[in-house]
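# Summary of the model geometry
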Amino acid sequence: MNNQSYDLNQLSASAPEKKSTIAVLRKLFALIAEEKGKLYLACLFIIINALINLSGPLLVGYAIDHYVQHKEYHGLLVISGFLLAMYLVGFCTSYVQTRLMGGVGQRLLFQLRNAVFRKLQELPVAFFNQNKAGDLISRINNDTDKLNQFFSQSLMQFVGSLIIMIGAGIFLLSIHIELGSAALAPALLIVVFTKLASPWVKRTNALNLKSVGGMSAEIQESLNNFKVIIAFNRRDYFRERFEQVNTQNYTTAMKAGVANNIFMPVYGLSANLGQVVVLVMGIYLIATGSFTVGLLISFLAYVNNFYNPLRQLAALWANFQVAMAGWDRISQLLALESNLETVQDNSFPVQPALLEFKDVSFGYPNGKPVLHHISFTLERGKTYAFVGPTGGGKTTTASLIARLYDPTEGKIMLEGKDIRSYDATTRATTIGFILQEPFLFSGTVRENILYGNEQYLDYTNEQLVQVVHDAGLEALLARFDNGLDTTVSNSGDSISLGQKQLLAFMRAVLRNPSLLILDEATANIDTVTEQLLEDILRRLPATTTRVIIAHRLNTIESADEIFFINAGEVNRAGSLQDAMHMLLQEKRQS
Ligand SMILES: Nc1ncnc2c1ncn2[C@@H]1O[C@H](COP(=O)(O)OP(=O)(O)OP(=O)(O)O)[C@@H](O)[C@H]1O
């Protein structure tokens, strides 16, 4: 039911997206819909530029046949002046077009990165469990930039080259249909080759982007764990692993390089074939008197005008395949939907329990079941303890209460209503969760304790200190040298683990939740401070329900009820002694 896989690498392997190029381009253009005006203007300039390029050879041919051969230098000067003016206009339109498209590409990049980041924020915890941060960063940074490069640098060149090519083709056929057809014939070779080679080029680039993502994930993992690496002297091991992914990246990049350059020689060969055909046939036609020298020069220039853009198209086509491979990786991510959907629950429960598990089962995606048909209730104002052996399922149960995941079977009711019917904000204000490994943001103590709490955002430090005092948290704040202004850097790495837990505790208590879950929240705190936390917990409003997960049984002495969680079951333990007994007796089976 809710065991959807979010592993992007697995998804791409099992269901490679098959979308037409036009459909993809349409989707991308929709992202920059407000840039339409600029796109049209850039298109207009590129058309002007193409027309200038196309009319050049015709004028040159005309000048040779009418002025050079008859030695009419005035006419020649006029045509030369005209050509110069045209090329200057061409320079200006080309410059403006490049600037316009540079902006469009950057805005597309901006929109894409926003869209990907927004999507990341919508996705459930299961998604982050199954994907490596480094690979996601690579998708946001690297893959989106491939699209930017195509849009800002290649797209208009692509359009321009196409127009010049089509125009030159038309001129060639209209000047002399037989000679024109002969000149264009080698282009068929290109069409067939492009059709055959493109899927391979795209695939090779996709593999390369994937290995860039893999390398980024490897770097991220070793940077995150550098302390363990140094402490265990595992530098060699990580160096080897990095060398492995780097070698893989090198190999895929080399293959992508070959693939991206494969079009160039074939296109060059066709262009040369075209020139040779025209030269041979053209000289023959001049000899038979059915063609002029001026026309042959114009003709050769148009053959150039046809094949040069084609050569450019070879490079641009490769860029396009890279961009499409990048887009596939981005669109896989954008297509994911959170499986934590919101449901309607219009019931009006009378005096419901604060929280109820109704026949709940749960297992992680691709993992074994963790909870089997669990039912229990949590009443308002009571303190509950979850105990059990390591890996027994305590954190999983707490994560289900906070709706980090949905049950695979059964229902969880919050205040008598399906927990899935609450919006994320209401749920987060009702349920406070202090995680086993609290995460802090770089900033100050103030910013961290007000994280996700709109209520006190506008308070001055003095007012906030008063709030902290009223909540009985002042002794905790005193553990930080500069109080609210103490700097927390490196995502909390600059302070001790115990201090991190204190901050997470303050953050949760200040939100005044109806249900506060503490998952091993005091594991790194000294006994005196722990006593302090217990006092603070006791002073929470009488209606606040507390769920304490702890291995140290003394921390749960004050619990009203103890649940023993193990082997997929949740059982009432009765007293602390019972819990102790169960812990000693039970072998972990889950
Ligand atoms: N993100 C995850 N993906 C897959 N399996 C997981 C995940 N988190 C936990 N598990 C598995 O679920 C089971 C229960 O884990 P859980 O963290 O709930 O245990 P716990 O009782 O809280 O343990 P501890 O006391 O060590 O914190 C374990 O077998 C664990 O391996």
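Bear in mind the structure is a predicted one, so any value in this text is a computation, not a measurement.

## Describing unusual backbone geometry
Positive phi outside glycine occurs at histidine 373, with the angle close to 45 degrees. With respect to the helices, strands and loops of the structure, histidine 373 is situated in strand 2 (residues 369-378). We note that asparagine 512 has phi near 50 degrees; this positive angle belongs to a residue other than glycine. Note that asparagine 512 resides in the loop between helix 18 (497-510) and strand 9 (515-519).

## Notes on helix 11 (residues 263-287)
Under the 1.5 Å per step criterion, the end-to-end length of helix 11 is 36 Å for 25 residues, consistent within 8% with the ideal 36 Å. Within the sequence span of helix 11, burial applies to Phe263, Val266, Tyr267, Gly268, Ser270, Ala271, Gly274, Val278, Gly282 and Leu285. Structurally, helix 11 contributes buried residues whose contacts are with helix 7 (177-184), helix 8 (187-224), helix 10 (235-261) and helix 12 (293-334). Just downstream of helix 11 lies glycine 289, where phi reads positive at about 85 degrees.

## Quick notes on the site of the ligand
In the neighbourhood of the ligand, 14 residues make up the surrounding shell, with Gly391, Lys394, Thr395, Thr396 and His551 lying closest. Taking asparagine 129, its side chain carries an N or O atom lying 3.3 Å from a nitrogen atom of the ligand. Here glycine 393 contributes a backbone N or O atom positioned 2.9 Å from an oxygen atom of the ligand. Contact with the protein chains hides 67% of the accessible area of the ligand, taken as 630 Å² for the molecule alone.

## Section: the sheet that holds strand 2
Taken in spatial order, the four strands make up an open sheet running 2-1-4-5, and their pairing is antiparallel. With one partner strand each, in any of the chains shown, strand 2 and strand 5 (417-418) form the two edges of the open sheet. Bridge count for strand 4 (residues 409-414) against strand 5 is two bridges, and the pairing is antiparallel. By the bridge assignment for strand 5, methionine 413 is matched with aspartate 418. Sheet contacts for helix 13 (residues 394-401): strand 1 (355-363), strand 2 and strand 4; angle to strand 1, the most-contacted strand, approximately 120 degrees.

## With respect to the packing of helix 10 against helix 11
Between helix 10 and helix 11, the least distance of the axes is 5 Å, while the angle of their chain directions is 15 degrees. Relative to helix 11, the element helix 10 lies roughly parallel. Within the contact between the two elements, helix 10 uses Ala259, Asn260 and Asn261 and helix 11 uses Phe263, Met264 and Pro265. Its residues assigned to classes, the contact of helix 10 with helix 11 comprises four nonpolar, two polar and no charged.

## Details of helix 18
Helix length check: helix 18 (14 residues) gives 20 Å between terminal C-alpha atoms against 20 Å at 1.5 Å per residue, within 8%. In terms of burial, helix 18 is largely enclosed, as 12 of its 14 residues are buried. Those residues of helix 18 that sit buried are Gly498, Lys500, Gln501, Leu502, Leu503, Ala504, Phe505, Met506, Arg507, Ala508, Val509 and Leu510. Downstream of helix 18 by a residue or two, asparagine 512 has a phi angle that is positive, lying close to 50 degrees.

## A closer look at the pairing of strand 4
The pairing of strand 1 with strand 4 spans five bridges and is classified as antiparallel. The partner of lysine 358 across the bridge, within strand 4, is lysine 411. The turn linking strand 4 back onto strand 5 is made up of two residues, and glutamate 415 within it adopts a positive phi angle of 50 degrees.

## Describing the UniProt feature "transmembrane region" (unreviewed entry) in the protein chain
Mapped onto the present numbering, the UniProt feature "transmembrane region" (unreviewed entry) falls at residues 39-64, 76-96, 155-177, 183-201 and 276-303. The annotated region residues 39-64 carries 100% helix and 0% strand content, and the separation between its end C-alpha atoms amounts to 38 Å. Helix makes up 82% of residues 276-303 and strand 0%, with an end-to-end C-alpha separation of 10 Å.

## Description of the packing of helix 18 against helix 19 (residues 527-538)
Look at helix 18 against helix 19: their axes get within 12 Å of each other, and the N-to-C directions meet at 5 degrees. Between helix 18 and helix 19, the interaxial angle falls into the category roughly parallel. Every residue of helix 19 that contacts helix 18 at Leu502, Phe505 and Val509 is listed here: Thr529, Leu533, Ile536 and Leu537.

## Comments concerning the packing of aromatic side chains
Throughout the structure, instances matching the rule amount to 21 aromatic pairs. A ring pair is formed by phenylalanine 362 and tyrosine 364, whose centres lie 5.0 Å apart and whose planes are at 80 degrees; its orientation type is edge-to-face. Here the aromatic cluster, defined as three or more aromatic residues joined through ring pairs, consists of Phe357, Phe376, Tyr384, Phe386 and Phe563. Over the aromatic face of phenylalanine 348 sits the side chain of lysine 417, whose NZ or CZ is 6.0 Å from the ring centroid.

## Considerations on the sheet that holds strand 10 (residues 545-549)
With mixed pairing, the six strands of this open sheet are ordered in space as 6-9-10-3-11-12. Since the sheet does not close on itself, it has two edges, and those belong to strand 6 (431-434) and strand 12 (569-572), each with one partner. Put simply, the sheet's adjacent strands are angled 20 degrees from each other on average, direction ignored.

## Let's talk about the pattern of salt bridges
In this structure the tally under the stated criterion is 13 salt bridges. Taking the shortest distance from any N to any O, the salt bridge between glutamate 35 and arginine 107 comes out at 2.6 Å. Within this pair, whereas glutamate 35 is found in the loop between helix 2 (21-31) and helix 3 (36-68), its partner arginine 107 is found in helix 4 (residues 73-122), the two being separated by 72 residues in sequence. Look at glutamate 35 and you get buried, because its relative accessible area is 6%. Two residues, arginine 572 and glutamate 561, come together in a salt bridge whose shortest N-O distance is 2.3 Å. Note that arginine 572 is positioned in strand 12 and glutamate 561 in strand 11 (residues 561-566), a separation of 11 residues in sequence. Take glutamate 561: its relative accessible area is 18%, and that puts it in the buried class. Through salt bridges with shared partners, one network takes in Asp135, Arg139, Asp143 and Arg329.

## What to know about the domain arrangement of the protein chain
Interface size is often expressed as the accessible area that is lost when the parts come together. Along its sequence, the protein chain is organised into domain 1 (21-334) and domain 2 (355-585). Distance from the C-alpha centre of domain 1 to the C-alpha centre of domain 2: 55 Å. Across the contact, five residues belong to domain 1 and four residues belong to domain 2. When domain 1 packs against domain 2, close to 380 Å² is buried across both sides, 52% of that on carbon and sulfur atoms. Summed over the shared surface of domain 1 and domain 2, the result is zero salt bridges. Per element, the largest residue contribution to the side of domain 1 that touches domain 2 is four residues, and it comes from helix 5 (residues 125-130). Among the residues making up the side of domain 1 that touches domain 2, the classes are represented as two nonpolar, two polar and one charged.

How each quantity is defined
Residues numbered from 1 in each chain as written. Predicted model: local features only at pLDDT ≥ 70, side-chain atom pairs only at ≥ 80, totals over all residues. Heavy atoms only, no water. Helix = DSSP H or I, 4+ residues; strand = E, 2+ residues; numbered from the N terminus. Expected span 1.5 Å × (residues − 1). Buried < 20%, exposed > 50% of the residue type's maximum accessible area, 1.4 Å probe, protein only. Contact = heavy atoms within 4.5 Å. Near = heavy atom within 4 Å. Polar contact = N/O pair within 3.5 Å; in protein donor to acceptor, adjacent residues only side chain to side chain. Areas by Shrake-Rupley, 256 points an atom, 1.4 Å probe, with all protein chains shown as cover. Pairing = 2+ DSSP bridges. Axes fitted to C-alpha atoms, helices over the stretch in contact; angles between N-to-C directions. Parallel < 35°, antiparallel > 145°, perpendicular 65-115°, else oblique. Nonpolar A, V, L, I, M, F, W, Y, C, P; charged D, E, K, R; others polar. UniProt positions renumbered as here; feature names shortened; annotations may be inferred. Phe/Tyr/Trp six-rings, centres within 6.5 Å; stacked < 30°, edge-to-face > 60°. Lys NZ or Arg CZ within 6 Å of the ring centre and 35° of its normal. Salt bridge = Lys/Arg side-chain N within 4 Å of Asp/Glu carboxyl O. Domains from an automatic or database assignment. Buried area = accessible area lost by both parts, 1.4 Å probe.

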